[in-house]
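Here's the letter readout for the chains.
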Amino acid sequence: MNEPLVLIVDVGTQSTRAFLFNKKGEFVCMDKVETEPFYSQKVGYAEKNTEDYWTAVVQAVKNLKAKSGDLWNDIIAMSLTSIRGTYAFLGEDYKPVRPTITWLDQRLAKPKQKFPFINEILFRIVGMYKPALKQRRMAPATWMKENQPDVWEKTKHFTLISAYLNYKLTGRLCDCTASQASRLPYNYKKERWQKSNELTCTVYNVEKEKLCELVKPGDIIGKITREVAELTGIPEGLEVIATGSDKACETLGTGALSADTASISFGTTATLQITTKKYVEPQKYMPAYNSVVSGYFNPEIQIFRGFWMVTWFKKQFGLEEEMLAEDIGVPTEKILDKSLTDIPAGSNGLMLQPYWAPGLKIPEAKGTIIGFNDCHTKAHVYKSIVEGIGYALYEGLVYLEKKSGQKIKNISVSGGGSQSDSICQITADMFGRPVYRVQTYETSGLGAAMITFVSKGEFKDIDECNKSMVHFKDEFTPNLHNTKIYKKLFEKVYKDIYPQLQPLYFRLYEIVNEENNEI
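The present account deals with the structure reproduced in this document. (Residues numbered from 1 in each chain as written. Predicted model: local features only at pLDDT ≥ 70, side-chain atom pairs only at ≥ 80, totals over all residues. Heavy atoms only, no water.)

Let us look at the nonpolar core. Grouped together as the largest cluster of nonpolar side chains are 85 residues, with contacts concentrated most on Met78, Leu165 and Ile224. The dominant element in this core, judged by the number of residues it contributes, is helix α1 (residues 50-68), at 8 residues. Aside from chain neighbours lying at most four places away, what touches methionine 78 is Leu7, Val9, Leu169, Ile224, Ile234, Leu238, Glu239, Val240, Ile241 and Thr452. In this structure, Val280, Tyr355, Ile389 and Met430 belong to the second largest nonpolar core, which totals 51 residues. (Core = buried A, V, L, I, M, F, W, Y, C linked by side-chain atoms within 4.5 Å. Buried < 20%, exposed > 50% of the residue type's maximum accessible area, 1.4 Å probe, protein only. Helix = DSSP H or I, 4+ residues; strand = E, 2+ residues; numbered from the N terminus. Contact = heavy atoms within 4.5 Å.)

Taken together, 6 strands build an open sheet; the order of strands is β3-β2-β1-β5-β14-β13 and the sheet is mixed. In the strand order of this sheet, the two ends are held by β3 (27-34) and β13 (220-223), each with one partner. The average angle at which neighbouring strand axes cross in this sheet is 20°, direction not considered. The pairing of β13 with strand β14 (residues 239-241) spans 3 bridges and is antiparallel. Along β14, the bridge assignment pairs isoleucine 220 with isoleucine 241. On the sheet, helix α15 (residues 443-455) packs against β1 (5-11), β2 (15-21), β5 (75-82) and β14 and is oriented at approximately 140° with respect to β1. (Pairing = 2+ DSSP bridges. Axes fitted to C-alpha atoms, helices over the stretch in contact; angles between N-to-C directions.)

This paragraph deals with the sheet that holds strand β22 (residues 410-414). In space, the 6 strands of this open sheet follow the order β19-β16-β15-β22-β23-β24, with mixed pairing throughout. With one partner strand each, in any of the chains shown, β19 (300-303) and β24 (472-476) form the two edges of the open sheet. For this sheet the average axis-to-axis angle between neighbouring strands, irrespective of direction, equals 25°. Where strand β15 (residues 261-265) lies against β22, 5 bridges are found, and the strand directions are parallel. Its bridge partner being in β22, serine 263 is matched across the sheet by serine 412. The strands touched by helix α9 (residues 246-253) are β15, β16 (270-273), β19, β22 and β23 (435-438); relative to β15, the strand with the most contacts, the crossing angle is about 130°. Of the strands in this sheet, β15, β16, β19 and β22 touch helix α13 (residues 378-404), which is tilted by about 20° from β16.

Along the chain, isoleucine 220 falls in strand β13. Sequence-wise, isoleucine 220 and threonine 243 are 23 residues apart; in three dimensions their C-alpha atoms are separated by 9.7 Å. Once residues within four sequence positions are removed from consideration, isoleucine 220 is found in contact with Arg172, Glu239, Val240 and Ile241.

By themselves, these are just geometric observations and shouldn't be taken as functional.
Shown next as structure tokens:
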């Protein structure tokens, strides 16, 4: 054996990737299998054949083995990380009884069964009745009970896709506590399934016998079966280590190990997480997710449809830039990035609030752009999108600092948007803190590899592992002149946009919901 390697499989929305990572944080070999994100039988539905996830895992691993040569003999363990909030419905024989409902699904149930009287009273007292009701309506289990009760009856195991894939690898149906960012009755603070007498257990209302076994990050889930070894080429008996969801692994992979460093993911959903021993609710009554570092939490601020808004902008306004990018052979974002440097901080007074998809606590909110005048172009709109996402994330950071009592000194970034130097620089300017970018774009795979190496005893603890495997290759320092502009705009304008417009949002919400016959 030359050097120990770990096999990591990262199951994403549009692709599945397989890596061999070494102890320096380098992937020495990788393969990527593109997949269809979902299919839609009706508007708002987003489903996928459950077996397709497993097929992609098998193909990516087989391809990786073919590429890796003798490196394959150096694998000491493996782990799997995957997308969050994607649900499998399994029968008595652990085979799917219907397609997976993915995290992109937008269907809403219309539950006839009310909350128990005491629960409803308590929800109303603490101001959580509407968010709890919306969560219940969004829960796949609620929709299944209403619309496909016969299939729900056949569903003996209701799990996340990660648990199903763990079963396929090892024959053991279980999942990691650090994967439970979902609409399942899970107690994040105590790291276990909720008990029937807990207040929010009635929100998701999943029968306890349908839930899978839970393990902690770093635990051994099981070993690769003979059947899987023959199918994939993974050595029979290789240990499969529990890690967590892609976001949880991503936060570790960006080096955000302490509460003074925030990890920002510029993905389809833009997120900001910190890692803390203290249980800190990122918003009132919203849970802090479990970290892949056992015993720690990742409070998370989410901007739904975050960098999806860039895709939206390109589709609606970016045809010219897309054609130019195709002609010269570069991504469209490279062309758009020019406007980020040409236009001054604050976009000449154009400000955007990125509630293109509102959060649970403000379901009435809408996306807003204010400050238009005749100097503004579509390039200003593009920069205002990037800045708007930044304002919303910064607002979350301020809240987390207050709740945790910890000053956040550094920002570490990942996700598609982090590949843009301009976006990283704007982030540094807006947050008034240095922004760091690590050595690889594949930070979720890196985080999973770190936990796997520590579990196998290759490092004495996660801190030693972090020093060896996470390397900051780029630093973006704040332009203090721009920071001053952004701080003034945030304090004097952005913070007041939602409170000032909230009455109008409520009127819109009521009218549209009445028109659509919503509950």
